[in-house]
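Geometric and topological summary
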Amino acid sequence: MKLYPLTNLSDHELVERFSEMVSREKEATLHLIIHLAEIDRRNLYLKAGYSSLFSYVVETFHCDGGAAYRRIQAARLSQKFPSIIDYLDQNKLNLSTLCLIAPHLTPDNETSLLAEVMGKSKREVENILSDRFEKTPERLKDKIVRLPITQKHSLASPGGGSPQPTLDIFSAKENASTSPC
């Protein structure tokens, strides 16, 4: 592919070419997602010796992990919700939005959720999801638990003084029954 110097282009030509490239990139991404969905459906990554579609795409095609993840997520969602392909094609949804809504999208809420997030920014989609789904049970919330400190007397502290307290992770682990891990 031959690259041309952009300094020779007028402002209008530069913006016009950029617009064309964005359109081509979106079209190529859509086709890539459709192909990924079929590769996933046929388990071709397993036949190629990979344990996951992600490792197949990243290792075979040297794709960035984040980009591979978003495209795979879109491909898998499109298998469950074929309307997603049309929304991507019409620029009503993007890959980031699909990744955000993926854990929440169900056949029951497909129409309403997709309609609500179409054309929204990432921050707007996060707010929509927070309003609709952030009813986290108390048991799933992050907790900070103070671990007890026990005295170990096996070594003298530097300088010859009395032994310094150390954290005994084994007894602390037993005592930390409220830890989320």
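Residues numbered from 1 in each chain as written. Predicted model: local features only at pLDDT ≥ 70, side-chain atom pairs only at ≥ 80, totals over all residues. Heavy atoms only, no water.

For the rest of this paragraph, the subject is a nonpolar patch on the surface. Judged by side-chain polarity, Leu6, Leu14 and Val15 come together as a nonpolar surface patch covering roughly 270 Å² of accessible area. Tracing the backbone through its elements, the reader meets Val15 in helix α1 (residues 11-41). (Patch = residues over 30% accessible without salt bridge, like charges linked within 9 Å, V, L, I, M, F, W, Y side chains within 5 Å. Areas by Shrake-Rupley, 256 points an atom, 1.4 Å probe, with all protein chains shown as cover. Salt bridge = Lys/Arg side-chain N within 4 Å of Asp/Glu carboxyl O. Helix = DSSP H or I, 4+ residues; strand = E, 2+ residues; numbered from the N terminus.)

A word on the layout of surface pockets. In this structure, the second largest pocket spans a volume of roughly 280 Å³. Forming the walls of the second largest pocket are 17 residues, and the residues nearest its centre are Lys26, Leu88, Leu93, Asn94 and Leu95. Taken together, the elements giving at least two residues each to the lining of the second largest pocket come down to α1 and α6 (95-101). Looking at the lining of the second largest pocket, the element that brings in the most residues is α1, giving 5 residues. Broken down by class, the residue content of the lining of the second largest pocket amounts to 7 nonpolar, 5 polar and 5 charged. (1 Å grid on protein atoms, 1.4 Å probe; cavity = no way out; pocket = protein on both sides within 12 Å on 5 of 7 lines; lining within 4 Å. Points joined across faces, edges and corners; volume = space filled by probe spheres on them. Nonpolar A, V, L, I, M, F, W, Y, C, P; charged D, E, K, R; others polar.)

With that settled, consider helix α3 (residues 53-61). Taken as a whole, α3 has its buried residues at Leu53, Ser55, Tyr56 and Val57. Looking at the buried side of α3, the elements it contacts are α1, α2 (44-47) and α4 (65-80). Of the residues one or two after α3, His62 is the one with positive phi, at around 55°. (Buried < 20%, exposed > 50% of the residue type's maximum accessible area, 1.4 Å probe, protein only. Contact = heavy atoms within 4.5 Å.)

Bear in mind that shape data such as this cannot, by itself, settle questions of function.
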